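# Chain and residue survey
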Amino acid sequence: MVGMESGQSGRYVQKKCGGGNQYRHRECNSPVPKHGGSDCTGLGQAIEKQNCNINPCPVDGGYSEWGEWGTCSKTCGTGQQTRNRSCNNPEPNYGGRNCTNLGIMRNYEIATRTHVQ
């Protein structure tokens, strides 16, 4: 009887995330068909493929543009204004880093106002 020898498994696309494929193949050599014997065509596929590393890749966060400056904290004299930005361009996802390594989220400015009548 002619048979398929299993083996030759584990040929991978080297990706840690985002999808890849794993292949394995087998050969018609256990034993090799001789003297008019049947080949292995009726015994299934010689090459098999399966998906692997299907987890999404991490997405690191990025800051939005700065928002508008807020109202000064004083109507006369020296006060403070703030503006903000968000970590949503893009939002961190799938274990990606947040924006803390990219700088500050809130910016302060000292402003001097003169009351005008």
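Everything discussed here concerns the structure shown above.
It should be emphasised that the depicted structure is a prediction, and the values quoted were computed from it without experimental measurement.

This next bit is on the overall build of the chain. Of the regular secondary structure elements, the chain holds zero helices and five strands. Along the chain direction, N to C, the helices and strands of the chain fall in the order β-β-β-β-β. By sequence separation, contacts in the chain at least 24 residues apart represent 66% of the contacts at least 6 residues apart. Of the roughly 9100 Å² of accessible surface on the chain, 47% is carried by carbon and sulfur atoms.

Okay, the pattern of salt bridges next. Inspection of every chain in the model, using the stated rule, returns two salt bridges. Of the charged contacts in the structure, one is a salt bridge between D60 and R97, with a shortest N-O distance of 3.5 Å. One end of the pair, D60, is in the loop between strand 3 (47–52) and strand 4 (77–84); the other, R97, is in the loop between strand 4 and strand 5 (106–113), and 37 residues separate them in sequence.

For the structure on display, the rule yields three disulfides. Disulfide partner of C17: C57, at an S-S distance of 2.0 Å. Disulfide C17 to C57: torsion about the S-S bond roughly 100 degrees, handedness right-handed. Of this pair, C17 sits in the loop between strand 1 (9–12) and strand 2 (20–25) while C57 is found in the loop between strand 3 and strand 4, placing the two residues 40 residues apart along the sequence. Overall, C17 belongs to the buried group, its relative accessible area being 18%. One disulfide in the model links C28 with C40; its S-S distance is 1.9 Å.

Our focus in this paragraph is unusual backbone geometry. Following N89, the chain continues to P90 via a peptide bond in cis, the omega torsion being 0 degrees. Relative to the assigned elements, P90 resides in the loop between strand 4 and strand 5. Phi at H35 takes a positive value of approximately 55 degrees, unusual for a residue other than glycine. Of note in the backbone geometry, Y94 takes a positive phi value of approximately 55 degrees without being a glycine. Mapped onto the elements of the fold, Y94 is located in the loop between strand 4 and strand 5.

Conventions adopted
- The numbers attached to residues start from 1 for each chain and follow its sequence in the written order.
- Selection of residues for local features in this predicted model requires a pLDDT of at least 70, selection of side-chain atom pairs for listing and counting requires 80 or more, and totals for whole chains, interfaces and linings are taken over all residues.
- Where side-chain values are given, they derive from all heavy atoms of the structure, hydrogens and water being excluded.
- Helix numbers and strand numbers start at the N terminus; a helix is a DSSP run of H or I with at least 4 residues, a strand a run of E with at least 2.
- Note on definitions: a residue-residue contact is assigned when non-hydrogen atoms from the two residues lie within 4.5 Å.
- All accessible areas in this document rest on Shrake-Rupley with a 1.4 Å probe, and a residue is counted as covered only by the protein chains that are shown.
- For this analysis, a salt bridge means a side-chain nitrogen from Lys or Arg found within 4 Å of a carboxyl oxygen belonging to Asp or Glu.
- Any pair of cysteine sulfurs within 2.5 Å is marked as a disulfide.
- Relative accessibility decides the category of a residue: with a 1.4 Å probe and only protein chains considered, values under 20% of the type maximum give buried, values over 50% give exposed, and everything between is partly exposed.

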